[in-house]
Amino acid sequence: MGLSDWSPKYTVNHPVMDEHHHALFKLIDRLSEAIFEKKENEFIGELLNSLIEYTKMHFAAEEKLMLQVNYPGLLQHKEAHEKMVAQVQEYQRRFKEGDRTVTAEISQFLMTDWLVKHILGMDELYAPYFKKAFSDAKDQNAKK
Ligand SMILES: [Fe+2]
């Protein structure tokens, strides 16, 4: 149990996005723990890689859905995604060059900017649009 436990109250009203967020919470938690426990470089490097790969897949899926529901904040949200990926890739570059001090910055960034500000802040803004689009669709199907 930690700060990064996903909870159903964080739902964005889409089961796949919730599943992605849940997986991201776990990845962030594993990486932060590895950093805290000062695991070897290779291990941390692999977790960092997985996080980046998973995130790219998730951001693309999320942007597709936002487009589908005509979410008005799409452009701004996409920009935030691009900035986050660029930031983590920059951390990764420093880490690969042997800069271990970057790990403290990574933990801080993942927990605050990413988990709290982005997933629990910015992502929540599209949740009502998803609710409307996807639960209305469900209702319509039920009526058929
Ligand atoms: Fe997002």
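The preceding data block contains the structure.
Everything numeric here is computed off the predicted structure, so don't read it as measured data.

**Topic: helix 2 (residues 41–68)**
Phase 1 of the analysis: Over its 28 residues, helix 2 extends 40 Å from the first C-alpha to the last, a length consistent with the 40 Å expected when each residue adds 1.5 Å.
Phase 2 of the analysis: Looking one or two residues past helix 2, Asn70 carries a phi angle of roughly 55°, positive in sign.

**What to know about unusual backbone geometry**
Phase 1 of the analysis: In this structure, Asn13 is a non-glycine residue whose phi angle is positive, near 65°.
Phase 2 of the analysis: The phi angle at Asn70 is positive, at roughly 55°, despite the residue not being glycine.
Phase 3 of the analysis: If you trace the backbone, Asn70 turns up in the loop between helix 2 and helix 3 (74–96).
Phase 4 of the analysis: Here Asn70 falls in the exposed class, since its relative accessible area comes to 65%.

**Things to note about the packing of aromatic side chains**
Phase 1 of the analysis: The full count for this structure, using the stated rule, is 8 aromatic pairs.
Phase 2 of the analysis: With 6.0 Å between their ring centres and 35° between their planes, Phe59 and Trp114 make a pair best called tilted. Of this pair, Phe59 sits in helix 2 while Trp114 sits in helix 4 (residues 102–143), and the two are 55 residues apart along the sequence.
Phase 3 of the analysis: By relative accessible area, Phe59 is classed as buried at 4%.
Phase 4 of the analysis: Residue Trp114 is classed as buried on the basis of its relative accessible area, which comes to 1%.
Phase 5 of the analysis: In textbook terms, an aromatic cluster arises when at least three aromatic residues are bridged by ring pairs, as seen for Tyr71, Tyr126, Tyr129, Phe130 and Phe134.

**Topic: the packing of helix 2 against helix 3**
Phase 1 of the analysis: With their axes 11 Å apart at the nearest point, helix 2 and helix 3 run at an angle of 170° to one another. When the axis of helix 2 is compared with that of helix 3, the two are roughly antiparallel.
Phase 2 of the analysis: Of the residues that constitute the contact of helix 2 with helix 3, the class distribution is 11 nonpolar, 8 polar and 4 charged.

**Description of the nonpolar core**
Phase 1 of the analysis: Among the nonpolar cores identified, the biggest contains 28 residues, and Ile28, Leu31, Leu51, Ile106, Phe109, Leu110 and Trp114 are the most heavily contacted of them.
Phase 2 of the analysis: Elements that contribute at least two residues to this core include exactly helix 1 (15–36), helix 2, helix 3 and helix 4.
Phase 3 of the analysis: When residues in this core are grouped by element, the largest group, 8 residues, is from helix 4.
Phase 4 of the analysis: With sequence-adjacent residues up to four places away left out, Ile28 is seen in contact with Leu51, Leu110, Met111, Trp114 and Leu115.

**Looking at the side chain of His58**
Phase 1 of the analysis: In this structure, His58 sits in helix 2.
Phase 2 of the analysis: Among the polar contacts listed, one links the side chain of His58 to the side chain of His20, at a separation of 3.0 Å.
Phase 3 of the analysis: Other than its neighbours up to four places away in sequence, His58 contacts Met17, His20, His21 and Leu24.

**Overview of helix 1**
Quick reminder: α-helices carry 3.6 residues per turn. Residues three or four places apart thus point the same way.
Phase 1 of the analysis: Taking 1.5 Å per residue as the helical rise, helix 1 with its 22 residues ought to reach 32 Å, and the 31 Å between its terminal C-alpha atoms agrees with that figure.
Phase 2 of the analysis: Turning to helix 1, its buried residues number three or more, namely Met17, Asp18, His20, His21, Leu24, Phe25, Leu27, Ile28, Leu31, Ser32, Ala34 and Ile35.
Phase 3 of the analysis: Among the residues trailing helix 1, Lys38 stands out with phi positive, at a value near 50°.

Rules used throughout
Residues numbered from 1 in each chain as written. Predicted model: local features only at pLDDT ≥ 70, side-chain atom pairs only at ≥ 80, totals over all residues. Heavy atoms only, no water. Helix = DSSP H or I, 4+ residues; strand = E, 2+ residues; numbered from the N terminus. Expected span 1.5 Å × (residues − 1). Buried < 20%, exposed > 50% of the residue type's maximum accessible area, 1.4 Å probe, protein only. Phe/Tyr/Trp six-rings, centres within 6.5 Å; stacked < 30°, edge-to-face > 60°. Axes fitted to C-alpha atoms, helices over the stretch in contact; angles between N-to-C directions. Parallel < 35°, antiparallel > 145°, perpendicular 65-115°, else oblique. Nonpolar A, V, L, I, M, F, W, Y, C, P; charged D, E, K, R; others polar. Core = buried A, V, L, I, M, F, W, Y, C linked by side-chain atoms within 4.5 Å. Contact = heavy atoms within 4.5 Å. Polar contact = N/O pair within 3.5 Å; in protein donor to acceptor, adjacent residues only side chain to side chain.

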